[in-house]
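Chains, contacts and geometry: an overview
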Amino acid sequence: MAVTANRSVDIDADAPAILEVLADVEGIPSWSPVHKKCEVVDRFDDGRPHHVKMHVSIVGVNDEQLVEYTWSENEVSWTLVESNQQKAQDGRYTLKPKGKGTHVEFELTVDPKIPLPGFLVKKGTKTILEAATEGLRLHVTG
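Residues numbered from 1 in each chain as written. Predicted model: local features only at pLDDT ≥ 70, side-chain atom pairs only at ≥ 80, totals over all residues. Heavy atoms only, no water.

Things to note about the overall build of the chain
Going by this rule: Runs of E in the DSSP output that reach at least two residues are strands. Runs of H or I that reach at least four are helices, and both are numbered from the N terminus. We compute the radius of gyration from the C-alpha atoms alone; for a globule the expected value is 2.2 Å times N to the 0.38, where N is the number of residues. Burial classes: relative accessible area under 20% of the type maximum marks a residue as buried, over 50% as exposed, and values in between as partly exposed (1.4 Å probe, protein chains only). Pairs of residues are marked as contacts when any of their non-hydrogen atoms sit within 4.5 Å.
In terms of helices and strands, the chain carries two helices and seven strands. Element order for the chain, N to C, with α for helix and β for strand: β-α-β-β-β-β-β-β-α. Taken against the 2.2 N^0.38 rule, which gives 14 Å for 142 residues, the C-alpha radius of gyration of the chain at 15 Å falls within 12% of a compact globule. Counting only C-alpha atoms, the chain reaches 45 × 35 × 25 Å along its principal axes. For the chain, the proportion of its 142 residues judged to be buried stands at 42%. Considering only contacts in the chain between residues 6 or more positions apart, those separated by 24 or more positions represent 46%.

Pasting the structure below:
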């Protein structure tokens, strides 16, 4: 059963600065406890990651996954290519100017291969949303 979660956060930085942090995928484990290791497989001509191997661990479930990124001026999204534990995954950060900073919307849909108890899904979702928003905000504003 696919699970979709979203959360937003305001960050005191412009969109290019936030996208720069998101493009540094090898650095994601420093601000996201879910990510244990991220490795760029290949890059677009502008240097941004295209395919990325990730080792993640959440609520006792470890996964190795390959995702494909898509970049635009105010958005980054990714789609699961292959995974040991998931049938599908789609994620997206959307950045909108707000005052002197940026309003960041994060959305993630995950479809695990095996059914998980509701309390684990809830706990895992909370952990992912915290890392994806507050972890990002704290890292960007450092």
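Okay, back to it.
Focus on the packing of helix α1 (residues 15–23) against helix α2 (residues 118–141)
This is how the line gets drawn: All axes here are fitted lines through C-alpha atoms, helices being fitted over the stretch that makes contact, and every angle between N-to-C directions spans 0 to 180 degrees. In this scheme, roughly parallel covers angles under 35 degrees and roughly antiparallel covers those over 145, while 65 to 115 is roughly perpendicular and the rest are oblique. Two helices cross in a left-handed way if the nearer one is turned anticlockwise from the farther one by less than a right angle. They cross in a right-handed way if the turn is clockwise.
At a closest axis distance of 10 Å, the pairing of α1 and α2 adopts a crossing angle of 110 degrees. Relative to α2, the element α1 is oriented roughly perpendicular. In this structure, α1 meets α2 at a crossing whose hand is right-handed. Along the contact surface, α1 presents Ile 18, Val 21 and Leu 22, while α2 presents Leu 136, His 139 and Val 140.

A word on the pairing of strand β5 (residues 75–83)
Test applied: Pairs of strands are assigned from DSSP output, requiring at least two bridges between the strands.
Alignment of strand β4 (residues 61–72) against β5, held across eight bridges, turns out to be antiparallel. Looking at β5, one finds that Leu 66 is bridged to Glu 82. Two successive antiparallel strands, β4 and β5, enclose a turn made up of two residues. Here β5 folds back onto strand β6 (residues 86–98), and the loop between the two strands holds two residues.

Some words on the sheet that holds strand β3 (residues 49–58)
Taken together, the seven strands give an open sheet; going across it, the order is β1-β7-β6-β5-β4-β3-β2, and neighbouring strands pair in antiparallel fashion. Looking at the sheet topology across the chains shown, the edges are occupied by β1 (3–11) and β2 (35–43). When the angles between neighbouring strand axes are averaged without regard to direction, this sheet yields 20 degrees. Relative to β4, β3 is paired through eight bridges, and the arrangement is antiparallel. Bridge pairing in β4 links Ile 58 to Val 61. Packed onto the sheet, α2 meets β1, β3, β6 and β7 (101–112) and runs at close to 25 degrees relative to β1.

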